[in-house]
Amino acid sequence: MSKILVFTEFQNGKIKRSSQELLQFAATTGNTVAALVLGSTDGAQAAHHGATEVLFSADAGFNSYNPELFTVATAEAIQKSGATVVLASSSSTGKDLFPRVAAKIKAGVVSDGIEIKITGDDVKVKKPFYSGKCFATATFENTNVKIVLMRPNQLPVAAADVSKSATVTELTFTKPSLKTIIKDIVKGTSEKLDLTEANIIVSGGRGLKEAGNFKMLNDLADVLGATVGATRAVVDAGWVGHSMQVGQTGKTVAPSLYIAVGVSGAIQHLAGMSGSKVIVAINSDPNAPIFQKATYGIVGDAFEIVPALTAEFKKVLAH
Amino acid sequence: MKVFVCLKQVPDTETKIKILPDHSGIDTAGIKWVMNPYDEFAVEEAIKFKEKNPTAQVWAITAGPKARAVEVLRTALAMGADEAIVINAENMDAITTAEALAKVIQAEGGAHLVLAGKMAIDNNQSSVPQMVAEFLNIPHTSVVSKFEATPESFTVERDADGGTKEVVQLMSPALVAANKGLNLPRYASLPGIMKAKKKVIKEIEFSTLGIAATEQKVKYAGFELPAEKPAVKLLTGDATAQAAALVQALRNEAKVI
Ligand SMILES: Cc1cc2nc3c(=O)[nH]c(=O)nc-3n(C[C@H](O)[C@H](O)[C@H](O)COP(=O)(O)OP(=O)(O)OC[C@H]3O[C@@H](n4cnc5c(N)ncnc54)[C@H](O)[C@@H]3O)c2cc1C
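Cut-offs applied
- Residues numbered from 1 in each chain as written.
- Chains lettered and ligands numbered in written order.
- Predicted model: local features only at pLDDT ≥ 70, side-chain atom pairs only at ≥ 80, totals over all residues.
- Heavy atoms only, no water.
- Helix = DSSP H or I, 4+ residues; strand = E, 2+ residues; numbered from the N terminus.
- Rg over C-alpha atoms; globule rule 2.2 N^0.38 Å.
- Buried < 20%, exposed > 50% of the residue type's maximum accessible area, 1.4 Å probe, protein only.
- Contact = heavy atoms within 4.5 Å.
- Areas by Shrake-Rupley, 256 points an atom, 1.4 Å probe, with all protein chains shown as cover.
- Lys, Arg positive; Asp, Glu negative; His and termini not counted.
- Charge placed at Lys NZ, Arg CZ, Asp CG, Glu CD.
- Axes fitted to C-alpha atoms, helices over the stretch in contact; angles between N-to-C directions.
- Parallel < 35°, antiparallel > 145°, perpendicular 65-115°, else oblique.
- Left-handed = near helix turned anticlockwise from the far one by under 90°.
- Nonpolar A, V, L, I, M, F, W, Y, C, P; charged D, E, K, R; others polar.
- Buried area = accessible area lost by both parts, 1.4 Å probe.
- Salt bridge = Lys/Arg side-chain N within 4 Å of Asp/Glu carboxyl O.
- Polar contact = N/O pair within 3.5 Å; in protein donor to acceptor, adjacent residues only side chain to side chain.
- Pairing = 2+ DSSP bridges.
- Patch = residues over 30% accessible without salt bridge, like charges linked within 9 Å, V, L, I, M, F, W, Y side chains within 5 Å.
- Near = heavy atom within 4 Å.
- pLDDT = per-residue confidence, 0-100.
- Domains from an automatic or database assignment.

### Section: the overall build of chain A
Next, step 1: Along its length, chain A carries 9 helices and 18 strands.
Next, step 2: A compact globule built from 319 residues should have a C-alpha radius of gyration of about 20 Å, and chain A, at 21 Å, falls within 12% of that.
Next, step 3: Across its three principal axes, chain A shows a C-alpha extent of roughly 60 × 45 × 40 Å.
Next, step 4: When burial is assessed residue by residue, chain A has 61% of its 319 residues classed as buried.
Next, step 5: In chain A, once contacts between residues fewer than 6 apart in sequence are set aside, the share between residues at least 24 apart is 63%.
Next, step 6: Summed over its atoms, the accessible surface of chain A is roughly 12000 Å², and 50% of this surface lies on carbon and sulfur atoms.
Next, step 7: The positive charge centre, built from 31 side chains, and the negative charge centre, built from 27, are 4 Å apart in chain A.

### Observations regarding the overall build of chain B
Next, step 1: Along chain B, the regular secondary structure elements total 6 helices and 13 strands.
Next, step 2: Reported as C-alpha extents along the three principal axes, the dimensions of chain B are approximately 70 × 45 × 40 Å.
Next, step 3: A total of 257 residues make up chain B; the buried ones form 56% of that total.
Next, step 4: Considering chain B, the positive charge centre built from 29 side chains and the negative charge centre built from 31 side chains are found 3 Å apart.

### Section: the packing of helix H2 (residues 66-79) of chain B against helix H5 (residues 190-198) of chain B
All names here are of chain B.
Next, step 1: It is the contact of H2 with H5, at a shortest axis distance of 7 Å, that shows an interaxial angle of 135°. Taken together, the axes of H2 and H5 are oblique relative to one another. Considering how the two elements wind past one another, H2 and H5 form a crossing that is right-handed. Of the residues in H5, those touching H2 at Arg74, Leu77 and Ala78 are Gly192, Ile193, Ala196 and Lys197.
Next, step 2: Of the residues that constitute the contact of H2 with H5, the class distribution is 4 nonpolar, 1 polar and 2 charged.

### Observations regarding the interface of chain A and chain B
Next, step 1: Listed as interface residues are 89 residues of chain A and, on the opposing side, 78 residues of chain B.
Next, step 2: Taking both partners together, chain A and chain B bury about 7200 Å²; carbon and sulfur atoms supply 56% of that area.
Next, step 3: When the buried surface of chain A facing chain B is broken down by residue, Arg100, Tyr130 and Tyr296 of chain A rank first, second and third, together holding 11% of it.
Next, step 4: At the surface where chain A touches chain B, the tally comes to 5 salt bridges.
Next, step 5: Across the salt bridge formed by Asp236 of chain A and Lys180 of chain B, the nearest N and O atoms sit 2.9 Å from each other.
Next, step 6: Linking chain A with chain B are 47 residue pairs in polar contact (both at pLDDT 80 or more), by the criterion used here.
Next, step 7: For the side of chain A that touches chain B, the leading source of residues is helix H4 (residues 92-105) of chain A, giving 9 residues.
Next, step 8: Classifying every residue of the side of chain A that touches chain B by side-chain character gives 39 nonpolar, 27 polar and 23 charged.
Next, step 9: Across 5 bridges, strand E10 (residues 134-140) of chain A lies against strand E12 (residues 218-224) of chain B in antiparallel orientation. For Phe135 of chain A, the partnering residue across the bridge sits in E12 of chain B and is Glu224 of chain B.

### Some thoughts on the sheet that holds strand E6 (residues 85-89) of chain A
Residues and elements named next belong to chain A.
Next, step 1: Strand order in this open sheet of 7 strands is E7-E11-E6-E1-E4-E5-E12, and the pairing throughout is parallel. In this open sheet, the two strands that pair with only one neighbour each are strand E7 (108-113) and strand E12 (167-170). Put simply, the sheet's adjacent strands are angled 20° from each other on average, direction ignored.
Next, step 2: For E7 and strand E11 (residues 146-150), the ladder comprises 4 bridges, and the chain directions are parallel. Directly across from Val109, in E11, lies its bridge partner Ile147.

### A short note on a nonpolar patch on the surface
Next, step 1: A cluster of nonpolar side chains, contributed by Leu190, Ile193 and Met194 of chain B, occupies part of the molecular surface with about 280 Å² of accessible area.
Next, step 2: Mapped onto the secondary structure, Leu190 of chain B falls in helix H5.

### A word on the site of the ligand
Next, step 1: Lining the immediate environment of the ligand, one finds 27 residues, of which Arg206, Thr231, Thr249, Ser264 and Asn283 of chain A sit closest.
Next, step 2: Chains contributing residues to the immediate surroundings of the ligand are chains A and B.
Next, step 3: In this structure, a nitrogen atom belonging to the ligand sits 2.7 Å away from a side-chain N or O atom of Lys209 of chain A.
Next, step 4: In this structure, Gln248 of chain A approaches the ligand through a main-chain N or O atom, which is 3.1 Å from an oxygen atom.
Next, step 5: With the chains in place, 78% of the 990 Å² that the ligand exposes on its own is no longer accessible.
Next, step 6: Only helix H6 (232-236), helix H7 (267-273) and helix H9 (302-318) of chain A provide two or more residues apiece to the shell around the ligand.
Next, step 7: Its residues placed into classes, the shell around the ligand shows 6 nonpolar, 16 polar and 5 charged.

### Some remarks on the confidence of the model for chain B
Next, step 1: Confidence in the prediction for chain B averages 97 pLDDT; 100% of positions are at 70 or higher.
Next, step 2: Under the prediction, the complex receives an ipTM of 0.96, its pTM being 0.94.

### Remarks on the domain arrangement of chain B
Accessible area lost upon the coming together of the parts is a frequently used measure of interface size.
Next, step 1: Once the domains are mapped, chain B shows domain 1 (2-215) and domain 2 (227-257).
Next, step 2: For domain 1 of chain B and domain 2 of chain B, the distance between their C-alpha centres works out to 45 Å.

Rendered as structure tokens:
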């Protein structure tokens, strides 16, 4: 039996869904599951999702993400735990941190995993290339530690089992003298999930005509608990920020439901979202390429369809 | 004072990907190769830095198959880079690429600043910049959309998940990986293009860098296209009827709501 170390992330004191996915998945592989918790003493939540060992450090330095500090602590945790597989989420932190950790401990790392198979020590990961224009399967060689960063929402999550507990150990490590100083953190105004974690996305394109009309999409998104995305055309026009761009030079997303409104479906946009489970296209042009990727299509005027859809969802979801 | 810009050549974003019959990779025949879009921001920032710091020299560096990879260096030279180095190599994973880049940067006397794009749009790994920083033992910030330099340090803004911005100070030397929004990359000027054509590009064979084959950690196989989607189901009627039919389908058929 080998050991899997799961790097856990928290938001407002709660373990993120993406970390729950990884812990629960790790527990199904028959390996020992250890969790790394940086910035908190709370090992219980990780235990409730399947960890039987927890390594934690409540050092105040972990309250914000500092690549140097996190690299040293994570590398130390991997070595101390004896884990041969490390799982983390392909989040802003995971993607920044683990390549550096991999270089430090000379390990292999694969990011953006969408399917993973672990048999004993053997790890296979499927991931998109060209933002989803094709896929390939990664295997590891010449490495004692295999690091996989999984995209959120790819693995099932069951309810926490609060009867479970874990052995909790404090992680000790030698603090490096830091050449990175976090000066300030300006929280995003949105309370919504990031696009890469969202289960439902409502995306708008140039068909919305002007920036102000994104309000219509926000209203629909609010009813659905969705996150709003956009095409590059409207990001370049300055209607919305780049953090909202979906596509080959934006974010690659794979929610359960992607609603594209006034989006033509350019190859670069399709690359970033065609992995979505269900795609809805709302477009006035029946020949728009987006319809070739869509599950459901409405040929019509966004300004009539979207409000009607918002009203209909409100009605149905109220019950 | 040297500024290194790490570059990658990738297929143009318009490229329709075709898979090789043995699924070992993509068919590169007929592909138009361009500078990775995020790397353009890195080159622009390096040139802006040079404009403010006249003693700075911008070195463009890439690792890839020499015959075509030099083109990405010519583009950088045409934009205003001073020198260029190609590491002739094929089929390396992220860690060997980063090690090669770091070794060459060190051999050239090290860098005051290393710039790169936050991600290459071909393999979407977002790994090489952070790894280069680790091999060079310098601090880094990735996904940067704002950059300011003083002689001792750099202050940058990092775009984290959910629209959050982190303001980070890095003691120099440091590595910064660029996001869109950092600047507006300039077009190469005609004299720049002429000059770039004549410039001698330094060539280094990967095999001379002393990186063992066992340093390679990750292998990719089984390349495949996404599954074909069934034809779209169009919903008909007036706006209200279409909306009702869609909500019905999403709830009862697709079961995603
Ligand atoms: C290097 C490079 C990288 C790129 N990366 C990306 C990327 O990451 N993401 C991305 O999205 N794009 C990217 N693009 C841009 C891409 O090629 C397209 O230009 C862009 O996606 C088009 O955006 P759009 O669909 O909003 O606009 P358009 O193509 O103009 O489409 C607007 C659509 O709205 C429809 N419409 C108009 N009025 C209405 C109405 N009243 N109701 C309903 N529908 C209506 C129209 O029929 C049309 O289909 C990239 C381009 C390049 C060159």
